Amino acid sequence: MLGGHVEKVSPIGPFAKGLMLKTDKLVQLVVTLKSHPDYHTVKDLIDKLLQTDLFKKSENTESDKIYVDISSLASEYCFYFTSSCDEFEAKFQVLFTSDDLAESKEIVQGNYLFPLDHCTKLNLALKQQQWFENRFKNSPNSLVVLKLLRDMCKRDPDWHLDDNLLELLVNICFQRKNTQDLNVKFREFFELIASGALLLSEMNIDCKYLGGVDSGEVFCLRDFEGNLVELERSRSENLSRLAQHALRLIAFRKIDALFAMSNNKTN
């Protein structure tokens, strides 16, 4: 029914990565179309979707309900639906992109293409999701470590690493030590940051061990496409201090205090 325009449907974000926390309320789904998404095509797809059994059955039940909100289609280029039952409630955001993007901004009879930069960002998110799966999904205990660290960063405003930066740092840690030990993997994250590695690029210090190259390079953070990720010096210094404090807590077997670091910070 929907196959004429749809290439594939892919989840992105914490849900797709298996890193959902209690505070995460949104599941994101990206629909890749065969051509650049436009308003009329997407609106027609939504109308057809609402006629499928999944949505029609929910109209006739009291316990399992699906509520659809398309009011944001013109402004956010997506729509939302909420699945609600006795046990839980989940909110989904459905976004649209294509591998075949155009640059035309012409509006014809009320129809228009979704913005190019919006679709490009979604394609980048899909590539990042693939990078994540290649690096972490088959690595033992990787998701456990990431989920613990992500929870810490969400609760502690001083850490507050965004998900992409956190994943880059954890990936470097796992490359340094090829181990399946959960405790070693967890501690390695703090050891890397506490060592001052985030300051090496500014000090122009070569480090083959961290750079992972034979010729020796100045250590720097690069995203999955090879672009440089820069942090302010004060931010790098503060993260180094926090990591050193975290290692002290781990050494004295106070890991419970580590996960309540807002009450155990250094001055």
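None of these values were measured; they are calculated from a predicted model. (Residues numbered from 1 in each chain as written. Predicted model: local features only at pLDDT ≥ 70, side-chain atom pairs only at ≥ 80, totals over all residues. Heavy atoms only, no water.)

1. Structural notes on the environment of leucine 242
Inference 1: Tracing the backbone shows leucine 242 in helix α11 (residues 233-251).
Inference 2: Measuring from C-alpha to C-alpha, the distance between leucine 242 and phenylalanine 190 comes to 8.6 Å, with 52 residues separating the pair along the chain. (Helix = DSSP H or I, 4+ residues; strand = E, 2+ residues; numbered from the N terminus.)

2. Describing the packing of aromatic side chains
Inference 1: For the structure shown, the criterion picks out 14 aromatic pairs.
Inference 2: Aromatic pair tyrosine 77 and phenylalanine 114: ring centres 5.2 Å apart, planes at 50°, arrangement tilted. One end of the pair, tyrosine 77, is in the loop between α4 (73-76) and β4 (78-84); the other, phenylalanine 114, is in the loop between β5 (89-98) and α5 (116-136), with 37 residues separating them in the sequence.
Inference 3: Aromatic ring contacts, followed pair by pair, group Trp131, Phe132, Phe136, Phe174 and Phe224 into a single cluster.
Inference 4: Positioned above the aromatic ring of phenylalanine 132, the side-chain terminus of lysine 17 is 5.3 Å from the ring centre. (Phe/Tyr/Trp six-rings, centres within 6.5 Å; stacked < 30°, edge-to-face > 60°. Lys NZ or Arg CZ within 6 Å of the ring centre and 35° of its normal.)

3. Details of unusual backbone geometry
Inference 1: Look at asparagine 141: it is not a glycine, yet its phi comes out positive at around 70°.
Inference 2: In this fold, asparagine 141 is placed in the loop between α5 and α6 (142-155).
Inference 3: Judged by its relative accessible area of 31%, asparagine 141 falls in the partly exposed class.
Inference 4: Not every positive phi belongs to a glycine, and histidine 160 is a case in point at roughly 35°.
Inference 5: Its location among the elements puts histidine 160 in the loop between α6 and α7 (163-176). (Buried < 20%, exposed > 50% of the residue type's maximum accessible area, 1.4 Å probe, protein only.)

4. Quick notes on the pairing of strand β2 (residues 26-33)
Inference 1: With respect to burial, β2 is a largely interior element, six of its eight residues being buried.
Inference 2: In this structure, strand β1 (residues 6-12) lies alongside β2, joined through six bridges in antiparallel fashion. In the sheet register, lysine 8 faces β2, and the bridge partner there is threonine 32.
Inference 3: With eight bridges joining them, β2 and β5 adopt parallel strand pairing. Each bridged residue has a counterpart across the sheet, and for valine 30 the counterpart in β5 is leucine 95. (Pairing = 2+ DSSP bridges.)

5. Quick word on the pattern of salt bridges
Oppositely charged side chains are able to pair whenever their charged atoms sit close together.
Inference 1: Overall, the coordinates contain eight salt bridges when judged by the stated rule.
Inference 2: With a shortest N-O distance of 2.9 Å, lysine 17 and glutamate 167 are connected by a salt bridge. One end of the pair, lysine 17, is in helix α1 (residues 13-17); the other, glutamate 167, is in helix α7, with 150 residues separating them in the sequence. Across the pair, glutamate 167 and lysine 17 agree in class, each one buried.
Inference 3: Across the pair lysine 48 and aspartate 44 runs a salt bridge whose closest N-O atoms are separated by 3.4 Å. Here lysine 48 and its partner aspartate 44 are both found in helix α2 (residues 39-49), four residues apart, which amounts to about one turn of the helix.
Inference 4: Since its relative accessible area comes to 30%, aspartate 44 is described here as partly exposed.
Inference 5: In this structure, a network of salt bridges that share partners links the residues Asp24, Arg150 and Asp163. (Salt bridge = Lys/Arg side-chain N within 4 Å of Asp/Glu carboxyl O.)

6. A closer look at the layout of surface pockets
Over the atoms rolls a probe the size of a water molecule, and its path tells where empty space is left.
Inference 1: Its volume calculated, the largest pocket comes out at about 500 Å³.
Inference 2: Leu124, Ala125, Gln128, Asn164 and Phe224 are, among the 24 residues lining the largest pocket, the residues nearest its centre.
Inference 3: Residue assignment for the lining of the largest pocket shows that the elements contributing at least two residues are α1, α5 and α7.
Inference 4: Examining the composition of the lining of the largest pocket, we find that seven residues originate from one element, α5, more than from any other.
Inference 5: Split into classes, the residues belonging to the lining of the largest pocket amount to 11 nonpolar, six polar and seven charged. (1 Å grid on protein atoms, 1.4 Å probe; cavity = no way out; pocket = protein on both sides within 12 Å on 5 of 7 lines; lining within 4 Å. Points joined across faces, edges and corners; volume = space filled by probe spheres on them. Nonpolar A, V, L, I, M, F, W, Y, C, P; charged D, E, K, R; others polar.)

7. Here's the deal with the sheet that holds β4
Inference 1: Strand order in the open sheet made by the five strands is β1-β2-β5-β4-β3, with mixed pairing throughout. The sheet is open, and its two edges are formed by β1 and β3 (65-69), each paired on a single side. When strand polarity is set aside, the average angle formed by the axes of neighbouring strands in this sheet is 25°.
Inference 2: Bridging between β4 and β5 involves seven bridges; their strand directions are antiparallel. (Axes fitted to C-alpha atoms, helices over the stretch in contact; angles between N-to-C directions.)

8. Focus: helix α8 (residues 182-194)
Inference 1: For α8, built from 13 residues, the straight-helix expectation of 18 Å at 1.5 Å per residue is met to within 8% by its first-to-last C-alpha distance of 19 Å.
Inference 2: Glycine 196 occupies a position one or two residues after α8 and carries a positive phi of about 85°. (Expected span 1.5 Å × (residues − 1).)

9. Points about the packing of α8 against α11
Inference 1: Where α8 meets α11, the closest approach of the two axes is 7 Å, and the angle between their N-to-C directions is 140°. Taken together, the axes of α8 and α11 lie oblique to each other. Classified by chirality, the crossing of α11 by α8 is left-handed. Each of Phe186, Arg187, Phe190, Glu191, Ile193 and Ala194 in α8 lies in contact with α11, whose residues at this interface are Leu239, Ser240, Ala243, Gln244, Ala246, Leu247 and Ile250.
Inference 2: Looking at side-chain class alone, the contact of α8 with α11 contains nine nonpolar, two polar and two charged residues. (Parallel < 35°, antiparallel > 145°, perpendicular 65-115°, else oblique. Left-handed = near helix turned anticlockwise from the far one by under 90°. Contact = heavy atoms within 4.5 Å.)

Everything listed here is a matter of geometry and, on its own, says nothing about what the molecule does.
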